[in-house]
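These are the residues of each chain, in order.
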Amino acid sequence: MDPDVARRHIADADLVAHIASIPRPVGYDAGQVFQTNMTLMFNVLAATEAAGISRLLFASSFSVLGLPFAPRPVELNYLPVDEHHPAQPQDVYAVTKWLGEEMVDAWTRRIGGSAISLRMPWIQTPESFMSEVAKRRLTEEAALDLWAYIDARDAARAFLLAANAQTPGHERFFISAGDSYSETPTADLLAARYPGTQVRTSLEGHAGLLSNDRAKHLIDFVPRYSWRDY
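The rules behind the values
Residues numbered from 1 in each chain as written. Predicted model: local features only at pLDDT ≥ 70, side-chain atom pairs only at ≥ 80, totals over all residues. Heavy atoms only, no water. Core = buried A, V, L, I, M, F, W, Y, C linked by side-chain atoms within 4.5 Å. Buried < 20%, exposed > 50% of the residue type's maximum accessible area, 1.4 Å probe, protein only. Phe/Tyr/Trp six-rings, centres within 6.5 Å; stacked < 30°, edge-to-face > 60°. Helix = DSSP H or I, 4+ residues; strand = E, 2+ residues; numbered from the N terminus. Lys NZ or Arg CZ within 6 Å of the ring centre and 35° of its normal. Salt bridge = Lys/Arg side-chain N within 4 Å of Asp/Glu carboxyl O.

Colleague: With reference to specific residues and values, describe the nonpolar core.
Modeller: Membership of the largest hydrophobic core comes to 27 residues, with the highest contact counts inside it found for Leu79, Leu146, Trp147, Tyr181, Tyr194 and Leu210. With 16 residues, the next largest nonpolar core counts Ala158, Phe159, Ile219 and Phe221 among its residues.

Colleague: Outline the packing of aromatic side chains, supporting the account with residue identities and numerical values.
Modeller: Scanning all chains against the criterion turns up six aromatic pairs. Their ring planes at 75° and their centres at 5.8 Å tell us that phenylalanine 129 and tyrosine 230 sit as a pair that is edge-to-face. Of this pair, phenylalanine 129 sits in helix H4 (residues 129–132) while tyrosine 230 sits in the segment after helix H7 (213–219), placing them 101 residues apart in sequence. Taken together through their ring pairs, the aromatic side chains of Phe129, Tyr149, Trp227 and Tyr230 make up a single cluster. The lysine or arginine in question, arginine 153, covers the ring of tyrosine 225, its NZ or CZ lying 3.8 Å from the ring centre. Above the plane of the ring of tyrosine 78 lies arginine 200, whose end atom (NZ or CZ) is 3.6 Å from the centre.

Colleague: Pulling in residues and values, what's your account of the pattern of salt bridges?
Modeller: In the structure shown here, the tally under the stated rule is 12 salt bridges. Here aspartate 145 makes a salt bridge to arginine 136, at a shortest N to O gap of 2.6 Å. On the basis of relative accessibility, which here comes to 24%, the residue arginine 136 falls in the partly exposed class. Residue arginine 157 is joined to aspartate 154 by a salt bridge in which the shortest nitrogen-to-oxygen separation is 3.0 Å. Of this pair, arginine 157 and aspartate 154 both sit in helix H5 (residues 152–164), three residues apart, which is roughly one turn of the helix.

Spelled out as structure tokens, the structure:
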């Protein structure tokens, strides 16, 4: 939050991965979420630019779609979701992630650098899954997550792959587990909760609803971990 501290810590880096933020709007004052996340974003970009660093990774979120915290219903154009789906944030956390991506866009145009925004769902570990997800997946609110998650080890590996990728400009894409966090087959979930939404690919078994295709193409990311192995 202090620009001088940001400049001091970032000065000697070769690449910056900006992951720090308030991670959800629930339990926080909206003004606090906006001020914190936007100040962090600005200070990191300013410090990176001042240090002459031309490569940036940004921990964005699937919440740019509007899910899961939107106060009004969100209509999806199609499933699985990919990076071409329009962003439609409502809540303050989603807005900060969307504005963060826009600020990264401006940064790459201004300095001629390159950046990747990795849009992640709920990050889980074998230790956290049963306590955090198991109860929620039995509720109607689970549909607001698109039943999506990613193992923390896959998320970390995606950042390492992105750090070593040679991508021009600013790329944005989703990374997620290959399966849903639900015990119900995906087709049945959609029939019950998203019956009118266009489905663009065959969804066998417990297939995930956030597409990893762009991540596979650009950084060779394929998820390795599933909660079913925990």
